[in-house]
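Each chain, letter by letter, is given below.
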Amino acid sequence: MARDMSPVLKKCRSLGIEPAYMGIDKKSNRSFARARKKTSEYGLQLREKQKAKFIYGVLEKPFRNLFNRAQKMKGGTAGENLLALLELRLDNIIFRMGFARTRAEARQIVDHKHVLVNGKCVNIPSYTVKAGDKIEIKEKVKGAQRYKDILEVTGGRTTPAWLEADHETLSGKVNEVPARDQIDVPVNEMLIVELYSK
């Protein structure tokens, strides 16, 4: 399985993303501001795509496939649909519910078969969850020290309005497909659409 193994804080700095969007509390000591040449239109579009791919931990081919799916969806713009599909990935849902500190950890939790969707074990991080789906951590691993440590860190995080999460039972539910104003990622999806429309 291919993964981006580049240092997270370094990549955050180069893309101008706050580490908090990645679930990391650390602050980078170096400043974001660097003397840069004026970026071309293509450069800006590429940067937005790289931001989205980096935040959600998706490589180029699956990202392109998601974009193609977003274009075919009825209702909403391709850009908004793309962000909604990225948010509805199982690894992202686990992260948003506070059952993992970062999306990379959420991906590992799903890979290790700790997650049930509607009572069935799912170990595909890119699995698209639907509105109304119930998600929970398997009974036999709920008591593990790992989840106690995770909840200590994520307990103060607010769960988005389109999700329900119960930290006592390590379970939750997807109430609806998130609208653009409910997705708090610093990405201009219109630039991604323009890039792929060339």
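Residues numbered from 1 in each chain as written. Predicted model: local features only at pLDDT ≥ 70, side-chain atom pairs only at ≥ 80, totals over all residues. Heavy atoms only, no water.

Visitor: Sorry if this is basic, but what is going on with the pattern of salt bridges here?
Guide: Two side chains of opposite charge can pair, provided their charged atoms sit close to one another. Following the criterion strictly, the structure yields twelve salt bridges and no others. For Lys-49, the salt bridge goes to Glu-60, with nearest N and O atoms at 2.8 Å. Here Lys-49, found in helix H2 (residues 41-56), pairs with Glu-60, found in helix H3 (residues 60-72); they are eleven residues apart in sequence, far enough to count as distant. Classification of Glu-60 by relative accessible area gives partly exposed; the value is 31%. (Salt bridge = Lys/Arg side-chain N within 4 Å of Asp/Glu carboxyl O. Helix = DSSP H or I, 4+ residues; strand = E, 2+ residues; numbered from the N terminus. Buried < 20%, exposed > 50% of the residue type's maximum accessible area, 1.4 Å probe, protein only.)

Visitor: What is the right way to look at the packing of aromatic side chains in this model?
Guide: Two aromatic rings are characterised by how far apart their centres lie and by the angle between their planes. Here the structure, examined in full by the defined rule, presents two aromatic pairs. Ring geometry for Phe-63 against Tyr-196: centres 6.3 Å apart, planes inclined by 35 degrees, an arrangement best described as tilted. Highlighted residues: Phe-63 in helix H3 and Tyr-196 in helix H8 (residues 189-196), separated in sequence by 133 residues. Assigned by exposure class, Phe-63 and Tyr-196 land together as buried. (Phe/Tyr/Trp six-rings, centres within 6.5 Å; stacked < 30°, edge-to-face > 60°.)

Visitor: How should the packing of helix H1 (residues 8-15) against H2 be read in this particular structure?
Guide: Pairs of packed helices are described in terms of their axes, by the angle between the two and the distance that separates them. In the contact formed by H1 and H2, the axes pass within 10 Å of each other and the chain directions differ by 150 degrees. When the interaxial angle is binned, H1 and H2 end up roughly antiparallel. In the crossing of H1 with H2, the sense of the turn from one axis to the other is left-handed. Of the residues in H2, those in contact with Val-8, Lys-11, Cys-12, Ser-14 and Leu-15 of H1 are Arg-47, Gln-50, Lys-51 and Phe-54. A per-class count over the contact of H1 with H2 returns four nonpolar, two polar and three charged. (Axes fitted to C-alpha atoms, helices over the stretch in contact; angles between N-to-C directions. Parallel < 35°, antiparallel > 145°, perpendicular 65-115°, else oblique. Left-handed = near helix turned anticlockwise from the far one by under 90°. Contact = heavy atoms within 4.5 Å. Nonpolar A, V, L, I, M, F, W, Y, C, P; charged D, E, K, R; others polar.)

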